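Residue-level structure breakdown
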Amino acid sequence: MSLAIQNLQKVIPIRRVPLRKKIEILQKILGVQQFDLGVICVNNRTIQHLNSTYRKIHVPTDVLSFPFHENVKAGELPQPCFREEYNLGDIFLGVEYIYQQCQENKEDYYSILTVTLAHGLCHLLGYKHSTEAEWQQMYQKEKQILEELNRITGTNLQPLTKNLF
């Protein structure tokens, strides 16, 4: 239903219009366009604080996802009972961290931002990568949605978790 994009940092410029278009395409591919979604862009200090608080990992990261429906199984869509439950959750993007990684790896920032969003959406839909079996399932889903996004947009994006295991 609604897509809220907030930029709470001033370190890295964010082009909201193309970002919104990519998110909306990803939502449609996943069949979740009827759900509310929050995307919050933050700096290293904020993403590190969130990572420390919720994962007990004291370094910045690229993405943290906070699902509204916590018990969704990978491959299933949330089953809301009430209008206010049509919410996927929030994705926090560590855009400063993502930008720094792109500089180090000589990758396109906006492409990696899109891939990171796809990764975050998969987490909101119950996908994990704590074990090799979970990783395989998440990798296949990321690959599937990115292949469809590539077909629609003419890009050539690859999953974040490509070389995890």
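Residues numbered from 1 in each chain as written. Predicted model: local features only at pLDDT ≥ 70, side-chain atom pairs only at ≥ 80, totals over all residues. Heavy atoms only, no water.

Looking up the protein chain in an unreviewed UniProt entry gives the name Endoribonuclease YbeY, with the organism given as Alligator sinensis. Within the UniProt record for the protein chain, the comment given under Sequence similarities (unreviewed entry) is "Belongs to the endoribonuclease YbeY family." According to UniProt, the comment filed for the protein chain under the heading Cofactor (unreviewed entry) is "Zn(2+)". (UniProt positions renumbered as here; feature names shortened; annotations may be inferred.)

Digging into the overall build of the protein chain
Looking only at helices and strands, one finds 5 helices and 4 strands in the protein chain. For the protein chain, the sequential pattern of α-helices and β-strands runs β-α-β-α-β-β-α-α-α. Whereas a compact globule of 165 residues would reach a radius of gyration of roughly 15 Å, the protein chain reaches 15 Å, a difference of no more than 12%. Seen through its C-alpha atoms, the protein chain measures out along the principal axes to roughly 40 × 35 × 35 Å. Taking all 165 residues of the protein chain together, the buried fraction comes to 43%. In the protein chain, 66% of the contacts between residues at least 6 apart in sequence involve partners at least 24 apart. On the protein chain, roughly 9,200 Å² of surface is accessible, and the fraction owed to carbon and sulfur atoms is 49%. When the 18 basic and 17 acidic side-chain charges of the protein chain are each reduced to a single mean position, those positions are 5 Å apart. (Helix = DSSP H or I, 4+ residues; strand = E, 2+ residues; numbered from the N terminus. Rg over C-alpha atoms; globule rule 2.2 N^0.38 Å. Buried < 20%, exposed > 50% of the residue type's maximum accessible area, 1.4 Å probe, protein only. Contact = heavy atoms within 4.5 Å. Areas by Shrake-Rupley, 256 points an atom, 1.4 Å probe, with all protein chains shown as cover. Lys, Arg positive; Asp, Glu negative; His and termini not counted. Charge placed at Lys NZ, Arg CZ, Asp CG, Glu CD.)

Side note on the nonpolar core
Formed by 36 residues in total, the largest nonpolar core has its most connected members in L37 and L93. Mapped by element, the contributors of at least two residues to this core are strand 1 (3-7), helix 1 (16-30), strand 2 (36-42), strand 4 (87-94), helix 3 (95-105), helix 4 (109-124) and helix 5 (132-153). Listed in part, the 6 residues of the second largest apolar core include I40, V42, I47 and L64. (Core = buried A, V, L, I, M, F, W, Y, C linked by side-chain atoms within 4.5 Å.)

Re the packing of helix 4 against helix 5
For the pair helix 4 and helix 5, the least separation of the axes is 10 Å and the interaxial angle reads 130°. Between helix 4 and helix 5, the interaxial angle falls into the category oblique. In this structure, helix 4 meets helix 5 at a crossing whose hand is right-handed. Where helix 4 abuts helix 5, its residues T114, V115, A118, H119, C122 and H123 lie against M138, K141, E142, I145, L146 and L149. Residues belonging to the contact of helix 4 with helix 5 are distributed by class as follows: 7 nonpolar, 3 polar and 2 charged. (Axes fitted to C-alpha atoms, helices over the stretch in contact; angles between N-to-C directions. Parallel < 35°, antiparallel > 145°, perpendicular 65-115°, else oblique. Left-handed = near helix turned anticlockwise from the far one by under 90°. Nonpolar A, V, L, I, M, F, W, Y, C, P; charged D, E, K, R; others polar.)

Quick word on the packing of helix 3 against helix 4
Two numbers describe how helix 3 lies on helix 4: the axes approach to 9 Å, and their chain directions differ by 125°. Relative to helix 4, the element helix 3 is oriented oblique. Considering only the axes of helix 3 and helix 4, their crossing is right-handed. Between helix 3 and helix 4, the contacting residues are V95, I98, Y99 and C102 on the first element and Y109, I112, L113 and T116 on the second. Its residues assigned to classes, the contact of helix 3 with helix 4 shows 7 nonpolar, 1 polar and no charged.

Examining the pairing of strand 2
Across the 7 residues of strand 2, 7 count as buried, placing the element largely inside the fold. Following the chain from strand 1 across helix 1 to the adjacent parallel strand 2, one finds a crossover that is left-handed. Note that strand 2 and strand 4 share 7 bridges and pair parallel. The residue bridging I40 from the neighbouring strand is F92, located in strand 4. (Right-handed = clockwise from strand over helix to strand, strands pointing away. Pairing = 2+ DSSP bridges.)

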